[in-house]
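Chain and residue survey
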Amino acid sequence: MMDSSTKLIRHIAGFILGVTIFVILIPSVLFFGARWLDGLIGIPSLGPPRLRTILAVLFLLPGLVFILWSNLFLVLRGRGGPAEGFGVAVSPRTEKLVETGPYRYTRNPMVFGAHMCYLAVVLFIGSPMGLVMMAIFIPMTVLYLKRVEEPRLKKDFGASYDDYRKRVSMIVPLPRLRK
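This text gives an overview of the structure that appears in the document.

Calculation rules
Residues numbered from 1 in each chain as written. Predicted model: local features only at pLDDT ≥ 70, side-chain atom pairs only at ≥ 80, totals over all residues. Heavy atoms only, no water. Helix = DSSP H or I, 4+ residues; strand = E, 2+ residues; numbered from the N terminus. Buried < 20%, exposed > 50% of the residue type's maximum accessible area, 1.4 Å probe, protein only. Contact = heavy atoms within 4.5 Å. Areas by Shrake-Rupley, 256 points an atom, 1.4 Å probe, with all protein chains shown as cover. Phe/Tyr/Trp six-rings, centres within 6.5 Å; stacked < 30°, edge-to-face > 60°. Core = buried A, V, L, I, M, F, W, Y, C linked by side-chain atoms within 4.5 Å.

A word on the overall build of the protein chain
Secondary structure summary: the protein chain contains 4 helices and 2 strands in total. When the elements of the protein chain are put in sequence order from the N terminus, they spell out α-α-β-β-α-α. For the protein chain, with 179 residues in total, the buried portion stands at 36%. A separation of at least 24 residues holds for 73% of the contacts in the protein chain among residues at least 6 apart in sequence. Total accessible area computed for the protein chain in this model is approximately 10,500 Å², and 73% of it derives from carbon and sulfur atoms.

Here it is as structure tokens:
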């Protein structure tokens, strides 16, 4: 059991790592990479700027809500944090399986929120190659979740996670699949 100051430091480290990767690095790669590829290939932007802006906001707002809401529930209800990748935990691991709040609609609300925000970036810049990048990135995320996250959650939470997985959609928020 870790003491409260160590737990706080690990939560802060997880937050810094998460912001660096998911708020700075990935959107920057999408923004600059997609624009560069569009220019390299000579593909024009999609649609008028006003429409792109409206669509971007419609994707961005729910994305941000799901990211913030899920982080809050993971910390307060699960008593842990989301910063773990490939078996290396930065923030403290969740102690309790969270099935309420945004986790009632999707097993991965942070991933859903992030994908919505990344799509907002691509829509805002009107990049066809950005859409291609997202079409590659989303299945890679699903593969990671299936191969890395789900086995760890099954190990940590056993039959409870199996039951939860059968009832709740993986990424896209949906009504419960079954009671």
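Side note on the packing of aromatic side chains
Applying the stated criterion across every chain, the model contains 6 aromatic pairs. Seen in terms of ring centroids, Phe 66 and Trp 69 are 5.7 Å apart; in terms of plane orientation they differ by 65°. Their pairing is edge-to-face. Of this pair, Phe 66 and Trp 69 both sit in helix H2 (residues 49–76), separated by 3 residues, roughly a single helical turn. The partly exposed category is assigned to Trp 69, whose relative accessible area is 29%. Summarising the aromatic geometry, the rings of Tyr 118 and Phe 137 are spaced 5.9 Å apart at their centres and angled 65° between planes, so their arrangement reads as edge-to-face. Here Tyr 118, found in helix H3 (residues 109–125), pairs with Phe 137, found in helix H4 (residues 128–167); they are 19 residues apart in sequence, far enough to count as distant.

Things to note about the nonpolar core
Among the nonpolar cores identified, the biggest contains 10 residues, and these are Phe 73, Leu 74, Leu 97, Val 98, Tyr 103, Leu 153, Phe 157, Tyr 161, Tyr 164 and Val 168. When residues of this core are traced back to their parent elements, those giving at least two are H2 and H4. Listed in part, the 8 residues of the second largest apolar core include Val 111, Tyr 144, Leu 145 and Met 170.

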